Amino acid sequence: MIRPIVDPSRPKVYIETYGCQMNVNDSEVILSILQDAGYALTENIEEADVILANTCSIRDNAEQRIWGRIDQFKIQKKKREGVVIGIVGCMAERLKDKLLTAVDLVAGPDSYRSLPSLLEAVAPGTPQINVLLSHEETYAEISPVRLDKNGVSAFISIMRGCNNVCSYCVVPYTRGAERSRDPETILREAQELFENGYKEITLLGQNVDSYRWESPKGNVSFAQLLEAVAKISPELRVRFSTSHPKDISDEVIYTMAMYENICKHIHLPVQSGSSIMLEKMRRKYNREWYLERVKKIRSVIPDCGLTTDVIAGFCGETEQDHKDTLTLMEEVVFDSAFMFAYSERPGTLASRKYPDDIPYETKTARLNEIIALQGRMSLKSNEKEIGKVQKVLVEGPSKKNPDELCGRASSNKMCVFPSRGEKAGDYCYVQVESVTSATLICKRID
Ligand code: SAH
Ligand code: SF4
Ligand code: F3S
């Protein structure tokens, strides 16, 4: 397992990460590659020789934020000669040479192995770019530099890219085609993390259910991979994200039920409750299919945590479509949700085919209604936990009270409870006494 190198004699890299968990893990891969090439990490931008932003293009506001950061990075360049500014990740892939006038280096998600040579070639007036996408690259044998703060939870990317063409989504263009990573390298990484004290691993992919490794030794499905990671040790928790409603299989649900240490939480982005919108979004399922999957999950795993993503104001969304989203949310009662106003992304199918015709005010009003409803649903979902026993993996002291600890239940719900001096990575048994929409307030029963 690789840790950050602190060495004042090495050139220093500062990296900021935006976007999804896959990007967080990619930053760890980037640092691993750069440490091998003689760089060291710094958390202080003032002393950086190389400033990188690992970027996200999922919505326009994500990109606008980065443009603002680039202006701030340039202040460092004025202060110190020779500072290199690089944009990597999804925005680098989407905007390509449009970024070259603003920064010194542009590298897409599949070109991180070339970062050392790109950095070497950067000179005043000669910015460097590599935005080639690959059908094979999974950084399979690269051991990421672990950047998490507590040494308890780590991410492992099990696949890259996406083969779906959800009409609103830029990811297939920024991350390229879907490819699965060699399961042996995934298992080796998980084993190594466990041996180094990690207690929780999250397997990452845009659509983990379509993970598939084919080799003469036999094929491996996502359910089989999940089982193999769970078997490393009952003390090691396994999570995964993201599940696609069209692909989540009964095999995965039963595998979850079979292993106590596979956490009972599924992030199952619904996007909309209207079958008409889902069709236009090219999600390849409808409202009824989604509700059937939820029913199946709950029949096999009654207490399974369920979270989702929702988009408000997609092209042509009527009041009725919007209401369909609200009624679906009321029917499912998600624990929590990421909720967004639709943001048109250039180049996507939706941008070419459907006008972005929902006025800003309507989008915002619908989004606010969705957020308010989710607040009530989160509370309702948490209230069902009152009296129940939870096994919690301690993350550390609670933010509000140093005499209390916080950590997550198997369902991914946040718990706070009195400390008896345990540290991050210990397991505690607690019983839920009261709740807010965000937290389960618990007493000790161990
Ligand atoms: N692979 C995951 C989603 C990854 S993107 C899946 O298929 O569910 C994370 C979330 O961002 C999506 O679930 C969606 O809710 C949101 N999103 C993606 N594109 C968007 C857009 N153009 N506007 C608003 N939200 C968007
Ligand atoms: Fe985007 Fe759809 Fe792929 Fe998710 S499954 S990353 S929403 S294209
Ligand atoms: Fe953003 Fe790229 Fe992730 S667009 S959400 S960083 S895959």
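Owing to the predicted nature of the structure, the values given are computational and were not obtained by experimental measurement.

**So, the domain arrangement of the protein chain**
Reasoning step 1: Taken as a whole, the protein chain is organised into domain 1 (12-130), domain 2 (148-263), domain 3 (295-384) and domain 4 (389-444).
Reasoning step 2: Between the C-alpha centres of domain 1 and domain 4 there is a distance of 37 Å.

**Some thoughts on the sheet that holds strand E2 (residues 40-41)**
Reasoning step 1: Pairing within the open sheet is parallel, and its six strands lie in the order E2-E1-E3-E4-E5-E6. Edge positions in the sheet fall to E2 and strand E6 (128-130), since each of these pairs with one other strand and no more.
Reasoning step 2: Contacting strand E1 (12-17), E2, strand E3 (50-55) and strand E4 (84-89), helix H1 (residues 21-36) crosses the sheet at an angle of about 170 degrees to E1.
Reasoning step 3: Sheet contacts for helix H2 (residues 60-79): E1, E3 and E4; angle to E4, the most-contacted strand, approximately 155 degrees.

**Points about unusual backbone geometry**
Reasoning step 1: Note that the residue after Ser241, namely Thr242, is joined by a cis bond; omega there is 10 degrees.
Reasoning step 2: Tracing the sequence through the fold places Thr242 in the loop between strand E13 (237-241) and helix H8 (250-258).
Reasoning step 3: Notably, Lys96 is not glycine yet its phi reads approximately 45 degrees, a positive angle.
Reasoning step 4: On the secondary structure map, Lys96 appears in the loop between helix H3 (90-95) and strand E5 (105-107).
Reasoning step 5: Even without a glycine there, the phi angle at Arg282 is positive, about 60 degrees.
Reasoning step 6: In this structure, Arg282 sits in the loop between helix H9 (275-280) and helix H10 (287-300).
Reasoning step 7: Judged by relative accessible area, Arg282 falls into the partly exposed class, the value being 34%.

**A closer look at the packing of aromatic side chains**
Reasoning step 1: All chains considered together, the criterion is met by seven aromatic pairs.
Reasoning step 2: Ring centres of Phe314 and Tyr354 lie 6.4 Å apart, and the angle between their planes is 75 degrees; this geometry places the pair in the edge-to-face category. Of this pair, Phe314 sits in the loop between strand E15 (305-312) and helix H11 (319-332) while Tyr354 sits in the loop between helix H12 (349-353) and helix H13 (360-383); the two residues are 40 residues apart in sequence, bridging distant segments of the chain. Both residues of the pair, Phe314 and Tyr354, belong to the buried class.
Reasoning step 3: Of the aromatic side chains, those joined through ring pairs into one cluster are Tyr168, Phe314, Tyr342 and Tyr354.
Reasoning step 4: A cation sits over an aromatic face here: Arg293 above Trp289, 5.9 Å from the ring centre.

**As for the pattern of salt bridges**
Reasoning step 1: Per the stated rule, a full pass over the model turns up 37 salt bridges.
Reasoning step 2: Lys77 serves as the salt-bridge partner of Asp104, at 2.7 Å between the closest nitrogen and oxygen. Pair noted here: Asp104 is in the loop between H3 and E5 and Lys77 is in helix H2, with a separation of 27 residues, a long-range link.
Reasoning step 3: When its relative accessible area of 15% is taken as the criterion, Asp104 is described as buried.
Reasoning step 4: For Lys77, a relative accessible area of 34% puts it in the partly exposed group.
Reasoning step 5: Between Lys296 and Asp250 there is a salt bridge, with its nearest N and O atoms 4.0 Å apart. Within this pair, whereas Lys296 is found in helix H10, its partner Asp250 is found in helix H8, the two being separated by 46 residues in sequence.

**Concerning H11**
Reasoning step 1: When the terminal C-alpha atoms of H11 are compared, their 20 Å separation across 14 residues agrees well with the 20 Å that a helix rising 1.5 Å per residue should span.
Reasoning step 2: Of the residues making up H11, those classed as buried are Asp321, His322, Asp324, Thr325, Leu326, Leu328, Met329 and Val332.
Reasoning step 3: Positive backbone phi, approximately 55 degrees, marks Val333, located one or two places after H11.

Quick notes on the rules
Residues numbered from 1 in each chain as written. Chains lettered and ligands numbered in written order. Predicted model: local features only at pLDDT ≥ 70, side-chain atom pairs only at ≥ 80, totals over all residues. Heavy atoms only, no water. Domains from an automatic or database assignment. Pairing = 2+ DSSP bridges. Helix = DSSP H or I, 4+ residues; strand = E, 2+ residues; numbered from the N terminus. Contact = heavy atoms within 4.5 Å. Axes fitted to C-alpha atoms, helices over the stretch in contact; angles between N-to-C directions. Buried < 20%, exposed > 50% of the residue type's maximum accessible area, 1.4 Å probe, protein only. Phe/Tyr/Trp six-rings, centres within 6.5 Å; stacked < 30°, edge-to-face > 60°. Lys NZ or Arg CZ within 6 Å of the ring centre and 35° of its normal. Salt bridge = Lys/Arg side-chain N within 4 Å of Asp/Glu carboxyl O. Expected span 1.5 Å × (residues − 1).

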